[in-house]
Amino acid sequence: TRANVLMIESELAVRGGHFTDAVTAIEAAGESHRELGLTIGTTLCAAQRAEHLAAAGRLEESAAGFRDTIAVLESLDQTAFLSTVTIELGEVLYRLGEAAEAERLAIEGEEMGAVEDVVNFAWGRGLRARIACLGFTMKKNTARAIEPNWMSAVLNEPYLKSELRMVTVRLLHSLLLP
């Protein structure tokens, strides 16, 4: 469908660093879904728009977009997508310096996800580990960040595997600092 093509075009635009084009394409995809009466498609396009805004460094707009998406997903009782978007909002808030709220959202996203949703579990734990490494909640979450179950969850996910490496480096670095 036209919406699918636009979604792919928006993703390619982000990868090429063309954020304005990416946002324009994903907005058009969302409109196409809206015209077809596909509420979940429209909502997922809104979440992708928020992702693109975050990639462009437009964090306040991204956070607002994720909050709007969360409200719609809650009204639709779509917990599968809601868990992911909740952790994504946590990522943006972390970048905005709101560590406590980011941590709360990471935990909430992990808890609402299905048991087999190891990617969100690992992603939430990765966010929490980064927060811990910054010293916001070091005593509470450092040990949890390097649990074997968390590490095994990322072995087949390239992004999360690199996330694990970065968390480990930050953790070790923070432990060596006076």
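Parameters at a glance
- Residues numbered from 1 in each chain as written.
- Predicted model: local features only at pLDDT ≥ 70, side-chain atom pairs only at ≥ 80, totals over all residues.
- Heavy atoms only, no water.
- Helix = DSSP H or I, 4+ residues; strand = E, 2+ residues; numbered from the N terminus.
- Contact = heavy atoms within 4.5 Å.
- Areas by Shrake-Rupley, 256 points an atom, 1.4 Å probe, with all protein chains shown as cover.
- Axes fitted to C-alpha atoms, helices over the stretch in contact; angles between N-to-C directions.
- Parallel < 35°, antiparallel > 145°, perpendicular 65-115°, else oblique.
- Left-handed = near helix turned anticlockwise from the far one by under 90°.
- Nonpolar A, V, L, I, M, F, W, Y, C, P; charged D, E, K, R; others polar.
- Salt bridge = Lys/Arg side-chain N within 4 Å of Asp/Glu carboxyl O.
- Buried < 20%, exposed > 50% of the residue type's maximum accessible area, 1.4 Å probe, protein only.
- Core = buried A, V, L, I, M, F, W, Y, C linked by side-chain atoms within 4.5 Å.
- Expected span 1.5 Å × (residues − 1).

**Student:** Would you mind going over the overall build of the protein chain with me for this structure?
**Tutor:** On a plain count of helices and strands, the protein chain comes out with 10 helices and zero strands. Order of helices (α) and strands (β) in the protein chain, N terminus to C terminus: α-α-α-α-α-α-α-α-α-α. By sequence separation, contacts in the protein chain at least 24 residues apart represent 57% of the contacts at least 6 residues apart. Counting every atom, the protein chain has about 9500 Å² of accessible surface; 59% of that belongs to carbon and sulfur.

**Student:** Would you mind showing me how to read the packing of helix H6 (residues 99-112) against helix H7 (residues 118-133) here?
**Tutor:** Each pair of packed helices can be summarised by the angle the axes make with each other and by the distance between the axes. One can describe the packing of H6 onto H7 by two numbers: an axis separation of 9 Å at closest approach and a directional angle of 160°. When the interaxial angle is binned, H6 and H7 end up roughly antiparallel. Between H6 and H7 the crossing geometry is left-handed. Contact residues: Ala99, Ala102, Glu103, Ala106, Ile107 and Glu110 in H6; Asn120, Phe121, Gly124, Arg125, Leu127, Arg128 and Ile131 in H7. In terms of residue class, the contact of H6 with H7 is made up of seven nonpolar, two polar and four charged.

**Student:** Before we go on, may I ask you to explain the pattern of salt bridges in this structure?
**Tutor:** Proximity of charged atoms lets side chains of opposite charge pair with each other. Within this structure, the stated rule accounts for nine salt bridges. Residue arginine 34 is joined to glutamate 31 by a salt bridge in which the shortest nitrogen-to-oxygen separation is 3.0 Å. In this pair, arginine 34 and glutamate 31 both sit in helix H2 (residues 19-35), three residues apart, roughly one turn of the helix. We classify glutamate 31 as partly exposed; its relative accessible area is 34%. Among the charged side chains, a network of salt bridges with common partners joins Glu101, Arg104 and Glu108.

**Student:** Hey, could you run me through the environment of arginine 95 in this one?
**Tutor:** Summarising the element assignment, arginine 95 is placed in helix H5 (residues 79-95). In contact with arginine 95, other than residues within four places in its own chain, are Ala54, Gly57 and Leu59.

**Student:** Got a minute to help me understand the nonpolar core in this structure?
**Tutor:** A general trend in soluble globular proteins is that nonpolar side chains are found buried together. Among the nonpolar cores identified, the biggest contains 20 residues, and Phe66, Val85, Leu89, Val92, Leu93 and Ile131 are the most heavily contacted of them. Only helix H3 (39-55), helix H4 (59-76), H5, H6 and H7 provide two or more residues apiece to this core. Broken down by element, the residue count for this core peaks at six residues, all from H5. Within the second largest apolar cluster, five residues are counted, among which are Ala3, Ile26, Ala29 and Cys45.

**Student:** Quick question: what am I supposed to make of the packing of helix H1 (residues 2-15) against H3 here?
**Tutor:** Running from N to C, H1 and H3 point in directions that differ by 10°, and their axes come no closer than 11 Å. The angle between the axes of H1 and H3 places the two elements in the roughly parallel class. Of the residues in H3, those in contact with Met7, Ser10, Glu11 and Val14 of H1 are Cys45, Gln48, His52 and Ala55. The class makeup of the residues in the contact of H1 with H3 is four nonpolar, three polar and one charged.

**Student:** Explanation requested: H7 in the structure shown.
**Tutor:** Residue pairs spaced three or four apart in an α-helix point in one direction, given the helix's 3.6 residues per turn. Across its 16 residues, H7 extends 22 Å between first and last C-alpha, which sits within 8% of the 22 Å expected from 1.5 Å per residue. With 13 of 16 residues buried, H7 lies mostly within the body of the structure.

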